[in-house]
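Chain by chain, the residues:
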Amino acid sequence: MLDMVTVVDVVLLALLSTTAVAILIMRHLFAVVALTGAFSLLSAGLLVTLDAVDVAFTEAAVGAGISTVLMLGTLALTRRRESRPPRLSPIGLLIITITGGALIYATPDMPKFGDPNAPSHQHIIPSYIKGSQDDIGIPNIVTSILASYRSFDTLGEVAVIFTAGMGVIILLGRRREDEHGYSEDGAAYPLKDKNKPKINDETST
Amino acid sequence: MLIAATVALLIAMALTLFRAVAGPSLFDRVLSANSFGTKIVLLIGLLGFLTERPEFLDIALLYALVNFVGTIAILKFFRYRNLGLSSDEIANREDN
């Protein structure tokens, strides 16, 4: 009897590559957006079968949630069909084939999935696992690594995310408007003004 | 039983994906993208029970929520051809 998780893995990977090829071939950008949503949900499913639940969370939230919205927003500003790409350059194709071949050639040298003797599990992790209970006293080893052994690293990450969030708020945050619909600096059009230029006037009827 | 359900779900996913690729109209594609998300949610739930860790069900719930955001955005895009409208502007357009 085949291991069911393996079957699920194989089928998910097959669907993933089908989606990728379809995205490449399609010229209708709306269909491409729908398919990229399906693509990232598929890869999130694959990450769940690999037990990388936190990565899968991020993939689903960013890939399927936010990216779909962002790409649709872009689609509202551009044309709905992709223009014909320029002709394939043979040198680029050659370079990509060689690089891809080298990567595939290197794959069997990687340690097996979950191998306890893999170099990444031998370097400093054993001392973390042994010392965590005495050093920090938290039962969850992941938490003690993130919050104590690598706390400065985590602090830096939090600072980066905070800066990015502030940047987004400054760039995209709505201007405050008074009750007449004018923004504080008086530059924006009042909301109720019928002469306000609309980008997509013909679709609003 | 779980295995039969998983196999059926995988076949259904392949069929949905086919409709997303081939689907003649845009609405076929929206519908297939949406139901594809639903099937991933079901698959993650089933995987939890297959590997005897039913706590995966929480993740499936979160996926259901995320999937909803995408569908709402697609539908808003269809209706208004624009995602940046505030509720006031939408009310304006409904009046016209």
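Above this note sits the structure.
Bear in mind the structure is a predicted one, so any value in this text is a computation, not a measurement.

A.B. asks: Explain the overall build of chain A residue by residue, including any values.
C.D. replies: Counting its secondary structure elements, chain A contains eight helices and zero strands. Beginning at the N terminus, the succession of helices and strands in chain A can be written as α-α-α-α-α-α-α-α. Looking at chain A residue by residue over its 205 residues, the buried ones come to 25%. Pairs at least 24 residues apart make up 39% of the contacts formed inside chain A by residues separated by at least 6 positions. Accessible area for chain A stands at about 14,700 Å²; split by element, carbon and sulfur atoms hold 68% of it.

A.B. asks: Let's hear about the overall build of chain B: which residues, and what values?
C.D. replies: A tally of regular secondary structure across chain B gives four helices and zero strands. For chain B, the α and β elements follow one another from N to C terminus as α-α-α-α. Looking at chain B as a whole, 46% of its 96 residues qualify as buried. Accessible surface for chain B amounts to roughly 5,000 Å². Of this, 69% is attributable to carbon and sulfur atoms.

A.B. asks: How would you explain the nonpolar core if you had to name every residue and give the values?
C.D. replies: Side chains of nonpolar character tend, in soluble globular proteins, to be buried together. In this structure, Leu42(A), Met13(B), Ile40(B) and Tyr63(B) are the most contacted members of the largest nonpolar core, which totals 38 residues. Broken down by element, the residue count for this core peaks at ten residues, all from helix α2 (residues 29-49) of chain A. In this structure, Ile40(B) is in contact with Leu41(A), Leu42(A), Met13(B) and Tyr63(B), ignoring residues within four places of it in sequence. Val33(A), Leu72(A), Leu26(B) and Phe78(B) belong to the second largest nonpolar core, which has eleven residues in total.

A.B. asks: Could you give me a rundown of the packing of α2(A) against helix α3 (residues 57-80) of chain B, with the residues and numbers involved?
C.D. replies: The N-to-C vectors of α2(A) and α3(B) enclose an angle of 175 degrees; their axes lie 12 Å apart at closest approach. With respect to α3(B), the element α2(A) is oriented roughly antiparallel. Residues Phe30(A), Leu41(A), Ala44(A) and Val48(A) of α2(A) touch α3(B), and the partners they reach there are Tyr63(B), Asn67(B), Ile74(B), Phe77(B) and Phe78(B). The residue makeup of the contact of α2(A) with α3(B), split by class, is eight nonpolar, one polar and no charged.

Reading the values: rules and limits
- Residues numbered from 1 in each chain as written.
- Chains lettered and ligands numbered in written order.
- Predicted model: local features only at pLDDT ≥ 70, side-chain atom pairs only at ≥ 80, totals over all residues.
- Heavy atoms only, no water.
- Helix = DSSP H or I, 4+ residues; strand = E, 2+ residues; numbered from the N terminus.
- Buried < 20%, exposed > 50% of the residue type's maximum accessible area, 1.4 Å probe, protein only.
- Contact = heavy atoms within 4.5 Å.
- Areas by Shrake-Rupley, 256 points an atom, 1.4 Å probe, with all protein chains shown as cover.
- Core = buried A, V, L, I, M, F, W, Y, C linked by side-chain atoms within 4.5 Å.
- Axes fitted to C-alpha atoms, helices over the stretch in contact; angles between N-to-C directions.
- Parallel < 35°, antiparallel > 145°, perpendicular 65-115°, else oblique.
- Nonpolar A, V, L, I, M, F, W, Y, C, P; charged D, E, K, R; others polar.

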